[in-house]
Amino acid sequence: MTNEKIKISILGSTGSIGRQALEVIEKLNDKFEIIALAAGSNVELLQQQTQKFKPRYSLLGQEGLERICSDKENDIILVAVSGKVGLRPTLTAIENGINIALANKETLVMAGDIVMQKAKETGVKIIPVDSEHCAIHQCIKDISQVERLIITASGGPFLHKSVEEMKQSTVEQALAHPRWNMGKKITIDSATLMNKGLEVIEAHHLFGMDYDNIEVVIHPQSIVHSAIEYKDGSVVAQLGLPSMHIPIQYAITYPERFEGIKSKSFSFADIARLDFEKPDFDKFPSVKLAYDCGRLGGSATVCMNAANEESVFAFLHGKINLYDIYRITSKITENHRVIKSPSIDEIFAIDEEIRIKTRELIG
Ligand code: MG
């Protein structure tokens, strides 16, 4: 590698992933030059970050995202905004030949076919930040030799609780994730396991793998971040202590590796045991719903994502119980007429339409 710095921009610099990315960059400050920072609304923190990290520019609000993604000075853009606002800027970056460190779920769940096709055309690398996809990315040498992806799931706070307990869960209980400290939306998705369903859809797009060959396994310790099985039956897994610094750093420095932030070294003896179990799709039907929508393809995952997000918001506002999130999402999805290959404009229109329908159903 040359001594040239990696020119990077961060979309969503004040969020959980964005802040941790800046911690990685601070630690590796001679390796990076920050082109731009963008935040949705946290003016104060963005100002602090701007003073400290001295990007060429920083922008607040959604309009700035497209501008940053058109700036060909960037070697890589970390897309760490949450929600559908990540989609268009990511496409713009890909069109401009800029590599993507992807931490935004909606990009692939809503428009995986379009995004991956465009990346293929432009030769842009999409390096996943999510720990499971990052693990798989690290395991794969030659995708054509891979038979199966095995995505691990911690199981969230209700792993061994009853459906009745889930229905009676308060917002606080659902937000108390045993392993990962994340934003509210994704934490609720982890409690219902919809997060795992979304990750299955993302994995299908990222690695071009059939849904039949993507498996979910519960692994409460979150040490094995995911695994792949090669055609010869050999299984390769990526392990590490649960820390988002590692996958973030991997994605933004790929293909290099640096010491960076390593809180303590890994010890099998300290961990002592690793447990695995089959996911209970009856108790966590969201995973199955995600597989079904993924297999339908087209607008089905757009619909599922929008209905789920609106239902999660309703839960967070105390309007419905945790189990209703699935009930409402599956009902809306059932009534959706799937469009096979929607355009980006159609995707946004469907997203909007489904959100309205979902809110109406919730009342
Ligand atoms: Mg994950």
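Up top is the structure.
These remarks concern the structure in this document.

Cut-off values and rules
Residues numbered from 1 in each chain as written. Predicted model: local features only at pLDDT ≥ 70, side-chain atom pairs only at ≥ 80, totals over all residues. Heavy atoms only, no water. Helix = DSSP H or I, 4+ residues; strand = E, 2+ residues; numbered from the N terminus. Rg over C-alpha atoms; globule rule 2.2 N^0.38 Å. Buried < 20%, exposed > 50% of the residue type's maximum accessible area, 1.4 Å probe, protein only. Pairing = 2+ DSSP bridges. Axes fitted to C-alpha atoms, helices over the stretch in contact; angles between N-to-C directions. Salt bridge = Lys/Arg side-chain N within 4 Å of Asp/Glu carboxyl O. Phe/Tyr/Trp six-rings, centres within 6.5 Å; stacked < 30°, edge-to-face > 60°. Lys NZ or Arg CZ within 6 Å of the ring centre and 35° of its normal. 1 Å grid on protein atoms, 1.4 Å probe; cavity = no way out; pocket = protein on both sides within 12 Å on 5 of 7 lines; lining within 4 Å. Points joined across faces, edges and corners; volume = space filled by probe spheres on them. Core = buried A, V, L, I, M, F, W, Y, C linked by side-chain atoms within 4.5 Å. Domains from an automatic or database assignment. Contact = heavy atoms within 4.5 Å.

## Some details on the overall build of the protein chain
A tally of helices and strands in the protein chain yields 16 helices and 10 strands. Scaling as 2.2 N^0.38, a compact globule of 363 residues should have a C-alpha radius of gyration of about 21 Å, and the protein chain matches this with 20 Å. For the C-alpha atoms alone, the extent of the protein chain along its principal axes is close to 55 × 50 × 40 Å. Buried positions account for 55% of the 363 residues belonging to the protein chain.

## Focus: the sheet that holds strand β4 (residues 76–79)
Reading across the sheet, the 6 strands line up as β3-β2-β1-β4-β5-β6 and stay open at both edges, with parallel pairing between neighbours. Pairing within the sheet leaves two strands with one partner each, and these edge strands are β3 (57–60) and β6 (126–128). When strand polarity is set aside, the average angle formed by the axes of neighbouring strands in this sheet is 20 degrees. As defined by bridge partners, strand β1 (residues 6–11) adjoins strand β2 (residues 32–39) across 6 bridges and the pair is classed as parallel.

## So, the pattern of salt bridges
Oppositely charged side chains may form a pair once their charged atoms are brought near each other. A complete count under the given rule lists 25 salt bridges for this structure. With a closest N to O distance of 2.6 Å, Asp 351 and Lys 84 form a salt bridge. With Asp 351 in helix α16 (residues 344–362) and Lys 84 in the loop between β4 and α4 (87–95), this pair connects stretches of sequence that are 267 residues apart. Several salt bridges share partner residues, and in doing so they unite Lys 84, Glu 309, Glu 310, Asp 351, Glu 352, Arg 355 and Arg 359 into one network.

## Some details on the packing of aromatic side chains
In this description, a pair of aromatic rings is defined by centroid distance and the angle of the planes. Going through the model one piece at a time under the given rule, you end up with 4 aromatic pairs. Here the aromatic rings of Phe 281 and Tyr 291 are separated by 6.5 Å at their centres, their planes lie at 50 degrees, and the arrangement is tilted. With Phe 281 in the loop between α12 (268–271) and α13 (285–296) and Tyr 291 in helix α13, this pair connects stretches of sequence that are 10 residues apart. Geometry around Tyr 57 places Arg 67 over its ring, the cationic atom sitting 4.5 Å from the centre.

## Structural notes on empty space enclosed by the protein
All chains considered together, the criterion is met by 2 cavities of 30 Å³ or more. Taken as a whole, the largest cavity spans an internal volume of roughly 70 Å³. Top contributing element to the lining of the largest cavity by residue count: helix α6 (residues 131–139), with 4 residues. Space inside the second largest cavity adds up to approximately 50 Å³. If you go around the second largest cavity, the residues you meet are Met 166, Thr 192, Lys 283, Phe 284, Pro 285, Ser 286, Leu 322, Tyr 323, Ile 325 and Tyr 326. Taken together, the elements giving at least two residues each to the lining of the second largest cavity come down to α13 and α15 (322–334). The biggest single contributor to the lining of the second largest cavity is α15, with 4 residues.

## Looking at the nonpolar core
The biggest cluster of nonpolar side chains holds 82 residues, and the ones touching the most others in it are Leu 11, Leu 87, Ile 126, Leu 149 and Leu 322. No other element matches the 9 residues that helix α14 (residues 300–316) contributes to this core. Of the residues that make up this core, three or more belong to each of domain 1 (6–129) and domain 2 (158–211 + 279–362). For Leu 11, the residues in contact, after removing those within four places along its chain, are Ala 38, Leu 65, Ile 68, Cys 69, Ile 77, Leu 78, Val 79, Ala 80, Val 81 and Pro 89. Counting 27 residues, the second largest nonpolar core, distinct from the first, contains Ile 17, Ala 21, Ile 127 and Ile 248.

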